[in-house]
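Summary of the model geometry
The residues making up each chain are set out below.
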Amino acid sequence: MRDNAVANPLILLGGTFDPVHHGHLRTAVDLFQAFSGRADIALMPAAQHRLREAEAAAPEDRLAMLALAVAHEPGLSVEPLEIQRGGTTYTVETLEILRQREGAQRSLIFAMGLDAWHSLSKWHRWLEIVQLAHIIVVCRPQGSSGEALNCGDALQANRTDLIDDLISTSHGKVLFLTLTQLEISSTRIRALLKQGLSPRYLLPDSVLAYIEKHQLYRCRNRDTDHQHT
Ligand code: NAP
């Protein structure tokens with residue numbers, strides 16, 4: 001159990017963020033508000049990109065765009081740990097490092113979408129995740145429930161409907177939270193840019209300015225052509 005001196009819960013929102021957009025940011029703000037502002041929300045970009053497209057942005061660009069996106073947003077920050085570590089980063093290993101860094105008492109929360117929840121039982125050492133952190137599964141209002149999932153049974157005893165349970169303890173709970181999510185995708189934004197079309201209003205202007213300045217997502221080979229001015 002935590003005492004009153006323990007810091008706010010740290011909620012981690014993992015993903016590739018290639019690039020970050022208003023869908024990600026709205027989810028982060030919704031989470032912040034669901035916790036009545038009593039949480040720190042950290043967007044945590046994965047080091048390794050699952051895509052192999054030439055136009056995928058380099059880790060340092062994804063990190064820079066995230067920093068711009070959260071610059072003036074209370075409660076939101078960027079967690080660079082996985083980019084700094086590089087290579088394949090398993091969530092359980094990231095959480096081990098964060099648990100060490102943040103101390104035994106701080107509430108750590110890993111937020112994931114329903115798709116990720118569906119695949120959780122295939123993740124590396126997945127059952128250990130709740131020994132290190134809470135899990136929030138972000139669901140859409142009309143989305144399917146997570147009840148029937150293969151990892152649902154194993155974590156049934158961990159389920160709670162109370163946000164306060166995630167604030168008052170450091171790890172071990174699974175909470176399904178229904179949030180309206182904007183229909184914006186990084187894939188669509190990259191496709192627009194690739195065609196020379198504007199993704200304006202889908203992502204922050206500061207992020208779009210960065211993309212334009214560095215000519216990202218335009219089918220260039222980032223290994224030979226990634227030069228910042
Ligand atoms: P991802 O590819 O970035 O996200 C998966 C999908 O969810 C994408 O279509 C993404 O859309 C969408 N999405 C993400 N945030 C959203 C939001 N706020 N609103 C609407 N759509 C959103 O990431 P991922 O590969 O699923 O990984 C998610 C996290 O789980 C990462 O931290 C990753 O390291 C972790 N993970 C760990 C393991 C393991 O430990 N073995 C395995 C898989 C994943 P966009 O393309 O628009 O972002």
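First, a word on scope: everything that follows refers to the structure included in this document. Keep in mind the model is a prediction, meaning the values are calculated, not measured.

Here the focus is the side chain of Thr91. On the secondary structure map, Thr91 appears in helix H4 (residues 91-102). Judged by relative accessible area, Thr91 falls into the buried class, the value being 15%. Not counting chain neighbours up to four residues away, the residues in contact with Thr91 comprise Phe110, Trp123 and Ile129.

What the 7 strands build is an open sheet, ordered S3-S2-S1-S4-S5-S7-S6; its pairing is parallel. The strands lining the two open edges of the sheet, one partner per strand, are strand S3 (76-78) and strand S6 (159-160). Across the face of the sheet, helix H2 (residues 59-70) comes into contact with strand S2 (40-45) and S3 while running at roughly 165 degrees to S3. Its contacts with the sheet place H4 against strand S1 (10-15), S2 and strand S4 (108-113), and it is angled at close to 155 degrees to S4.

What follows deals with the packing of H2 against helix H9 (residues 205-213). To characterise two packed helices, one gives the angle between the axes of the helices and the distance between these axes. Between H2 and H9, the least distance of the axes is 8 Å, while the angle of their chain directions is 150 degrees. In terms of their interaxial angle, H2 and H9 are classed as roughly antiparallel. Considering the relative orientation of H2 and H9, their crossing is right-handed. Counting all contacts with H2, which are made through Glu60, Asp61, Ala64, Met65, Leu68 and Ala69, the residues of H9 involved are Ser206, Val207, Tyr210 and Ile211. Its residues assigned to classes, the contact of H2 with H9 comprises 7 nonpolar, 1 polar and 2 charged.

What counts, and at which threshold
Residues numbered from 1 in each chain as written. Predicted model: local features only at pLDDT ≥ 70, side-chain atom pairs only at ≥ 80, totals over all residues. Heavy atoms only, no water. Helix = DSSP H or I, 4+ residues; strand = E, 2+ residues; numbered from the N terminus. Buried < 20%, exposed > 50% of the residue type's maximum accessible area, 1.4 Å probe, protein only. Contact = heavy atoms within 4.5 Å. Pairing = 2+ DSSP bridges. Axes fitted to C-alpha atoms, helices over the stretch in contact; angles between N-to-C directions. Parallel < 35°, antiparallel > 145°, perpendicular 65-115°, else oblique. Left-handed = near helix turned anticlockwise from the far one by under 90°. Nonpolar A, V, L, I, M, F, W, Y, C, P; charged D, E, K, R; others polar.

No statement about biological role is implied by the geometric values presented.
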